[in-house]
Amino acid sequence: MRAQKRQQKSGVYAGSFDPLTVGHLWMIEQGVRLFDRLTVAVGVNPDKKYSFPIEDRLNMLQETTRQFPNVSVTSFSNRYLIHYAQHIGATHILRGIRTESDYEFERTMRNINGDLDSAICTVF
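A brief look at the structure comes next. Numbering of residues starts from 1 in every chain and runs along the sequence as written. Local features in a predicted model are, by the rule used here, given only for residues with pLDDT of at least 70; side-chain atom pairs are given and counted only at 80 or more, and totals for whole chains, interfaces and linings are based on all residues. The side-chain figures draw on all heavy atoms in the structure; neither hydrogens nor water molecules are used.

### Notes on the environment of G31
For step 1, the next point in the chain: Along the chain, G31 turns up in helix α1 (residues 22–34).
For step 2, the next point in the chain: Accessibility here uses a 1.4 Å probe with only protein chains present; expressed as a share of the type maximum, an area under 20% marks a residue as buried, one over 50% as exposed, and anything in between as partly exposed. On the basis of relative accessible area, G31 is assigned to the buried category, the value being 0%.
For step 3, the next point in the chain: Taking C-alpha positions, G31 is 8.6 Å from V12, a pair spaced 19 residues apart along the chain. Strands here are runs of E lasting at least two residues and helices are runs of H or I lasting at least four, both read from the DSSP assignment and numbered beginning at the N terminus.

In structure tokens, the structure reads:
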């Protein structure tokens with residue numbers, strides 16, 4: 001009997017990270033434990049005003065996550081997160097919840113993302 005190869009679990013954790021917070025770092029630490037590979041992605045919204053330029057946010061994330069060998073830091077723009085997750089081959093989307101309204105929003109997004117690609121799971 002041949003052993004089945006376990007599929008690698010890869011997650012994407014996206015946000016503006018403007019600024020990078022202790023809460024973001026906590027989520028990254030949880031993602032490192034949950035996934036074989038975690039992509040931390042800075043989402044760029046051209047309609048949003050940012051405090052820090054994209055280069056600074058990427059540098060802050062790279063500096064604070066370099067201790068984790070299974071983390072990569074990147075950015076994306078002009079696409080929905082579910083489509084970005086598909087593009088990088090992620091099996092999961094990692095999302096943080098701070099309040100009840102966050103939960104309601106994320107639950108709605110999980111349902112929409114599930115309709116677009118039911119193979120990618122959302123983890124709160």
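### Quick notes on the sheet that holds strand β5 (residues 121–123)
For step 1, the next point in the chain: Strand order across the open sheet formed by five strands is β3-β2-β1-β4-β5, with parallel pairing between neighbours. Edge positions in the open sheet fall to β3 (71–77) and β5, since each of these has one partner strand only. Neighbour-to-neighbour, the strand axes of this sheet turn through a mean angle of 30°, independent of strand direction.
For step 2, the next point in the chain: The criterion for strand pairing is that DSSP finds at least two bridges linking the strands in question. Strand direction decides the pairing type here: strand β1 (residues 10–15) and strand β2 (residues 37–44), joined by six bridges, are parallel. Looking across to β2, one finds that Y13 is bridged to V40.
For step 3, the next point in the chain: A contact between two residues is defined here by any heavy atoms of the two lying within 4.5 Å. The angle between two axes is taken between their N-to-C directions and runs from 0 to 180 degrees, where each axis is a line fitted to C-alpha atoms and a helix contributes only its stretch in contact. Those strands touched by α1 are β1, β2, β3, β4 (92–94) and β5, and its axis lies near 145° from that of β2.

### Here we look at the nonpolar core
For step 1, the next point in the chain: Side-chain atoms within 4.5 Å are what join buried Ala, Val, Leu, Ile, Met, Phe, Trp, Tyr and Cys residues into a set we call a nonpolar core. Y13, F17, I28, L38, V40, L61 and V71 are the most contacted members of the largest nonpolar core, which has 16 residues in total.
For step 2, the next point in the chain: Elements with a minimum of two residues in this core: α1, β2, α2 (54–65) and β3.
For step 3, the next point in the chain: Once residues lying within four places of it in the same chain are set aside, the contact partners of Y13 are H24, M27, I28, L38, T39, V40, A41 and L94.
For step 4, the next point in the chain: A14, A41, L81 and A90 belong to the second-largest nonpolar core, a separate cluster that totals 11 residues.

### Observations regarding the packing of aromatic side chains
For step 1, the next point in the chain: The pairing test for Phe, Tyr and Trp rings, Trp by its six-membered ring, is centres within 6.5 Å, and the orientation test on the planes gives stacked under 30 degrees, edge-to-face over 60, and tilted for anything in between. Scanning the model with the defined rule gives two aromatic pairs in all.
For step 2, the next point in the chain: When the centroid spacing of 5.5 Å and the interplanar angle of 75° are considered together, the rings of Y13 and F17 count as edge-to-face. Residues Y13 and F17 agree in their burial class; the two are buried.
For step 3, the next point in the chain: Sitting over the ring of Y50, R57 keeps its end group 4.0 Å from the ring centre. Both a distance and an angle decide whether a charge sits over a ring: NZ of Lys or CZ of Arg must be within 6 Å of the ring centre and within 35 degrees of the ring normal.

Functional significance is not addressed by these values, which are geometric in nature.
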